[in-house]
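Residue-level structure breakdown
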Amino acid sequence: MTLKRRRFLQGALAASTSGLLPFSALAKEQKNQDPADSLLDDGWRVTGSHFGAFRAYRKNGIVTDIRPFEMDQNPTDMLNGIAGSIYSPSRIRYPMVREAFLKYGHKAERKTLGDNRYVRVTWQQAYNLLIRELNRIQTDYGPWALYAGQTGWRATGQFHSSTNHMQRAIALHGNFIRKIGDYSTGAAQVILPYVLGSTEVYSQGTSWPLILDNSDLIVIWANDLLKNLQVGWNCETHSGIGYLKQLKERIKDKKIRVISIDPTVSKTADFLGIETVYVNPQTDVPLMLAIAHEMIINKRYDAEFIRGYTLGFKEFKAYVKGETDGTPKSPAWAEPICGVSVSKIKELAGIMTAGRVQILMGWCIQRQQHGEQPYWMAAVLASMIGQIGLPGGGISYGHHYSSIGTPSSGGSGPNSFPLNPPEDVPPIFDNDDYNGYSRVIPVARWIDAIHEPGKVIQYNGSEVTLPDIKMIVISGNNPWHHHQDKNRMKSAFRKLECVVTVDYAWNATCRFSDIVFPACTQFERHDLDLYGSYAQRGVLAMQKLVEPLFESRSDWNIWREFSSRIGRHQEYTMGRDEFTWLNFLYDGCRSKNKGKFDMPDFKTFWQEGYYDFGAGIPWVRHAEFRDDPEIHPLGTPSGLIEIYSRKIARYNYDNCKGHPSWMEKAERSHGGPGSDRFPIALQSCHPDKRLHSQLCDSTDFRETYSVQGREPVYMNKQDAKKRGIKDGDLVRVFNDRGELIAGAVITERYAPGVARIQEGAWYAPVNAEIGSVDTYGDPNTVTLDIGTSELAQSCSAFTCIVEIEKWKGAMPKVTAFGGPKVVEV
Ligand SMILES: Nc1nc2c(c(=O)[nH]1)N[C@H]1C(S)=C(S)[C@@H](COP(=O)(O)OP(=O)(O)OC[C@H]3O[C@@H](n4cnc5c(=O)[nH]c(N)nc54)[C@H](O)[C@@H]3O)O[C@H]1N2
Ligand SMILES: Nc1nc2c(c(=O)[nH]1)N[C@H]1C(S)=C(S)[C@@H](COP(=O)(O)OP(=O)(O)OC[C@H]3O[C@@H](n4cnc5c(=O)[nH]c(N)nc54)[C@H](O)[C@@H]3O)O[C@H]1N2
Ligand SMILES: [Mo]
């Protein structure tokens, strides 16, 4: 896309946000989208993505214009990146096989893995290799040697859900290792059921209108709502951002006070113009304990709520007062650890116990060592405040995600393409013997398994025996973005025998694979999905914009042919084609909603492009429990909020005790362990202009934020000055685990000792060697790969410290983009 075109798109977005575009006219102009209809017609089509639902114009077979969907009043800039991703130089064009693997198969040396040398093969050759390898793994080893369990942010669309297609097809062939939990909320999902009786993070939360009307104070804790609400699990329409705009008005009118507790001034804090209380990274628990200490000493907590709705406050109180370990968790104790002054801590304890207080927790503080603790501790604070179950009070663990807090319409979305094969169809390799290994592993521990097969680890009160993984199949996720410590991953991948990836973008995961299948993007196939995510606002037709580029195919077509080649076509497809599936899923949705919503038939729906369920009714989380905890108990063992958990105490873990507690980290900035050598905390927060690694391939869009072609590292002015670094300099970010090149952006929005590189920057080593410098700037080059604790064993990416210096010497070229080095054989 040319710069001119980009400006045009930006102009189009700006115009449409102010409501100037005649959307109904656009809708009318849409051609009949019946499958029989010529797919070569020019015209407007409606579709959607994680970044937003939108309409696109197709001319002469290419996308020439993208405008937000009329139900999206707060469209995001990321729509400007979509065309550049469809037409990216990094698109996977053909099936590709690693040069050494093509010659020697699983006996190929693996030291060259990552050198990016690939041979173009035919689809037939690629299938033959894949099936040969799967047969070999199931025959020579067993289901324990195959890992196809990883999931991630595959495109929106319930039918083409790419991980479902891959897992269903592989399951028709043989069994494999699966995972439990996710990188997003792995620690929360395990700890919160013990404390609040449910995972909380993916539950609908108290409706924004009630928060706006009732809260006196909103505490935004480790949470950047404005940034993270840009992306949703379904086709977003960004209602959450609309509520933030209303919140800004209430702040201006002095009706609500809002503070942010964060090591940086977040995009949200900047937008709302609110106070940020800087906290040192990884030290929220000492700050929270000191607030609790202050409330206890001054008897400023809701003793009645504690008595009626919670269990175990006595044990916790003894710890806070220092009766169990000799250390009172006073503000004076906390200040040198968390960096928040005694007076500020006292002020926080004061304002959090005056008036109606809503706490809104973000997720990234549970993505650190002992990430269970701040989550548990926040629930304890909310219990002491005593407003759980009241409108505008209590605690939420999800208002920054997928429009949580927008009242749900009550409509039901379409089901997805079924993940599992029909129950009466056994796999071809019908072997259920896992050789004593666990068949399910905690999601972030798969590299541990490759390094130490057979090792027994603790997990959530049970034992997991790590399997001996030899082969991995990947689709709809990008492990060479999402996992920590790239050099450790590199050495693990050298031990594998075969890695297969299905994607549309030639990212680092392709570069560390043996066989790569080219999927098309979601814009090259028909689908349907919810729009509005948790608002469940309606059902959206996702109409194909263009035909699959190069030799790419939809995931459905890729795995359909695979199934055919292993003799399982009928079992895979259930006799339906793409459009009969869409029709079937839509009809299922229509009958679920019968009586409540009068949905039209499929053909009419497809022509109209969407069906709107309308707005929902405001609702308060945990109101029933508050009303009567005996009739509506929580799902905890006692039915109450467990400040002390006997169950967890009985596990006897050193790194997760019976009540929330402060434990020093493996490494930590601001005077913590290792900070003498690596004084800067490196955050790897979610990107403002990407969804993880997605859209990084969109060249012009990337250039709107990159620095001299590298990913930005945001750092504090003082830190930069001390190191002689100027804004726009290329720098070396490093620790003992690895090094990367990034472009410095100097800002006053970060506290001294805190820097950030947004996750999802494409990993791009100079060569295949372990330790090779990353030329584009993936923060996971340097992050730590340990479990949060023996309880959740989740991702600890935010336990990471580094040093930063000006880059010296020759400057290697960026190797991330533009696909593989194609080798002729
Ligand atoms: N350091 C650090 N690491 C992190 C995090 C962090 O905060 N810090 N966050 C973690 C979190 S919360 C998450 S959720 C993970 C995200 O990790 P992932 O979900 O793995 O990240 P994505 O980049 O979204 O990967 C999706 C991949 O699927 C591909 N894809 C999209 N649509 C399709 C399709 O239709 N078909 C096929 N075949 N492929 C498709 C995309 O091209 C992309 O390569 O990262 C985790 N990693
Ligand atoms: N634009 C965009 N939106 C997204 C995504 C995306 O990739 N792009 N991904 C989606 C997904 S999969 C997820 S899981 C969510 C992620 O949602 P989160 O994990 O909540 O998001 P982050 O932006 O990583 O972090 C939020 C805030 O936590 C602060 N923080 C970091 N460390 C600490 C700490 O030690 N203490 C305190 N108090 N604050 C800290 C950061 O400074 C940041 O302001 O976002 C979703 N939304
Ligand atoms: Mo996530």
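Heads up: the structure comes first, above all this text.
Attention in this report is confined to the structure presented alongside it. (Residues numbered from 1 in each chain as written. Chains lettered and ligands numbered in written order. Predicted model: local features only at pLDDT ≥ 70, side-chain atom pairs only at ≥ 80, totals over all residues. Heavy atoms only, no water.)

1. Some points on the overall build of the protein
When helices and strands are tallied, the protein shows 29 helices and 30 strands. A globule of 825 residues ought to have a C-alpha radius of gyration of about 28 Å, and the protein, at 26 Å, matches this closely. In terms of principal-axis extent, the alpha carbons of the protein reach across some 75 × 60 × 60 Å. Here the protein holds 825 residues, and the buried ones make up 65% of them. Restricting the contact set of the protein to residue pairs at least 6 apart, pairs at least 24 apart contribute 76%. The centroid of the 95 positive side-chain charges in the protein is displaced by 3 Å from the centroid of its 92 negative side-chain charges. (Helix = DSSP H or I, 4+ residues; strand = E, 2+ residues; numbered from the N terminus. Rg over C-alpha atoms; globule rule 2.2 N^0.38 Å. Buried < 20%, exposed > 50% of the residue type's maximum accessible area, 1.4 Å probe, protein only. Contact = heavy atoms within 4.5 Å. Lys, Arg positive; Asp, Glu negative; His and termini not counted. Charge placed at Lys NZ, Arg CZ, Asp CG, Glu CD.)

2. What about the sheet that holds strand β2 (residues 52-59)?
Across the sheet, which stays open at both edges, the three strands sit in the order β1-β2-β3 with antiparallel pairing between neighbours. Edge positions in the sheet fall to β1 (43-49) and β3 (62-68), since each of these pairs with one other strand and no more. In this sheet, adjacent strand axes meet at a mean angle of 30 degrees when their direction is disregarded. Direction of pairing for β2 relative to β3: antiparallel, over a ladder of six bridges. Residue pairing for β3: Ala56 is matched across the bridge by Ile66. Running over the sheet, helix α3 (residues 79-86) touches β1, β2 and β3 and is turned about 165 degrees from β3. (Pairing = 2+ DSSP bridges. Axes fitted to C-alpha atoms, helices over the stretch in contact; angles between N-to-C directions.)

3. So, unusual backbone geometry
The phi dihedral of Asp485 falls on the positive side, at around 55 degrees, and the residue is not glycine. In this structure, Asp485 sits in the loop between α19 (479-482) and α20 (486-493). Note on Asp485: relative accessible area 8%, which makes it buried.

4. Things to note about the site of ligand 2
Neighbouring ligand 2 are 35 residues, the closest being Lys227, Asp262, Asp284, Trp363 and Pro687. Within the side chain of Asn228, an N or O atom sits 2.8 Å from an oxygen atom of ligand 2. In the model, an oxygen atom of ligand 2 is placed 2.6 Å from a nitrogen or oxygen of the Asp262 side chain. In isolation ligand 2 has 920 Å² of accessible area, and contact with the protein removes 99% of it. (Near = heavy atom within 4 Å. Polar contact = N/O pair within 3.5 Å; in protein donor to acceptor, adjacent residues only side chain to side chain. Areas by Shrake-Rupley, 256 points an atom, 1.4 Å probe, with all protein chains shown as cover.)

5. A word on the site of ligand 1
The environment of ligand 1 is made up of 32 residues, and the closest members are Asn478, His482, Asp503, Ser693 and Asn780. In the model, an oxygen atom of ligand 1 is placed 2.8 Å from a nitrogen or oxygen of the Trp153 main chain. Secondary structure elements with two or more residues in the shell around ligand 1: α19 and β18 (498-503). Taken together, the residues of the shell around ligand 1 sort by class into eight nonpolar, 18 polar and six charged. (Nonpolar A, V, L, I, M, F, W, Y, C, P; charged D, E, K, R; others polar.)

6. So, the sheet that holds strand β12 (residues 357-361)
Sheets are built from strands paired through backbone hydrogen bonds, the pairs being either parallel or antiparallel. Within the open sheet, the five strands sit side by side as β10-β9-β8-β12-β13. Their pairing is parallel. Two strands close off the open sheet at either side, each with one partner strand: β10 (275-277) and β13 (394-396). Strand-to-strand twist across the sheet, computed as the mean angle between neighbouring axes with direction ignored, equals 20 degrees. Note: β12 against β13, three bridges, orientation parallel. Residue pairing in the sheet places Ile359 in a bridge with Ile395 of β13. Seen against the sheet, helix α12 (residues 284-297) touches β8 (217-221), β9 (257-261) and β12 and runs at an angle of roughly 150 degrees to β8.

7. As for the side chain of Arg737
Within the secondary structure, Arg737 sits in the loop between β26 (730-735) and β27 (738-747). Under the relative-accessibility criterion, Arg737 is labelled buried at 17%. Of the polar contacts made by the side chain of Arg737, one reaches the backbone oxygen of Val782; its length is 2.8 Å. When residues no more than four places from it in sequence are discounted, the contact partners of Arg737 are Asp485, Asn487, Glu667, Thr781, Val782, Thr783, Leu784, Cys800 and Ile801.

8. Structural notes on the packing of aromatic side chains
As enumerated under the stated definition, the model contains 54 aromatic pairs in all. Taking the centre distance of 4.8 Å and the plane angle of 80 degrees together, the rings of Tyr118 and Trp506 count as edge-to-face. Residue Tyr118 is located in strand β5 (residues 117-120), and its partner Trp506 is located in the loop between β18 and α21 (508-511); the two are separated by 388 residues in the primary sequence. Exposure remark for Tyr118: the relative accessible area of 1% places this residue in the buried category. The class for Trp506 is buried, based on a relative accessible area of 2%. Judged by centre distance (5.2 Å) and plane angle (80 degrees), the ring pair of Tyr776 and Phe817 falls under edge-to-face. On the criterion of sequence distance, the pair formed by Tyr776 in the loop between β28 (754-756) and β29 (801-806) and Phe817 in the loop between β29 and β30 (821-822) is long-range, its members being 41 residues apart. For Tyr776, a relative accessible area of 0% puts it in the buried group. (Phe/Tyr/Trp six-rings, centres within 6.5 Å; stacked < 30°, edge-to-face > 60°.)

9. Some details on the nonpolar core
Core analysis: the largest hydrophobic core is formed by 189 residues, its most contacted members being Trp221, Met352, Phe493 and Trp559. Among all residues touching Phe493, those that are not within four sequence positions of it are Arg110, Leu113, Trp446, Ile447, Ile472, Trp480, Val499 and Phe512. The next biggest cluster of nonpolar side chains, apart from the first, holds 20 residues, and it includes Leu226, Leu244, Val265 and Leu272. (Core = buried A, V, L, I, M, F, W, Y, C linked by side-chain atoms within 4.5 Å.)

10. Observations concerning the pairing of strand β15 (residues 456-459)
Only one face of β15 is covered, namely the face carrying Ile457 and Tyr459; the face carrying Val456 and Gln458 is uncovered. Connecting β15 to the antiparallel partner strand β16 (residues 462-465) that follows it, the hairpin turn spans two residues, and Asn460 within it adopts a positive phi of roughly 50 degrees.

11. Things to note about the pattern of salt bridges
Under the definition given, this model contains 45 salt bridges. Between Asp468 and Lys470 there is a salt bridge whose closest N-O contact spans 3.5 Å. Beyond isolated ion pairs, a larger network of salt bridges with shared partners links Arg132, Glu133, Arg136 and Glu497. (Salt bridge = Lys/Arg side-chain N within 4 Å of Asp/Glu carboxyl O.)

12. Some words on the environment of Ser789
Looking at the secondary structure, you find Ser789 in the loop between β28 and β29. Distance in space between the C-alpha atoms of Ser789 and Ser706 is 35 Å, their sequence separation being 83 residues. In this structure Ser789 touches Glu372, Asn655 and Cys656, once residues within four positions along its chain are discounted. Polar contacts involving the side chain of Ser789 include one to the main-chain amide nitrogen of Leu791, which spans 2.9 Å.

13. Regarding the state of the cysteines
The full count for this structure, using the stated rule, is zero disulfides. There is no disulfide at Cys498, and the cysteine sulfur nearest it, in Cys510, is 14 Å away. Sulfur of Cys656: no disulfide; nearest cysteine sulfur belongs to Cys795 and is 17 Å away. Taking relative accessible area as the criterion, Cys656 reaches 1% and is therefore assigned buried. (Disulfide = S-S within 2.5 Å.)

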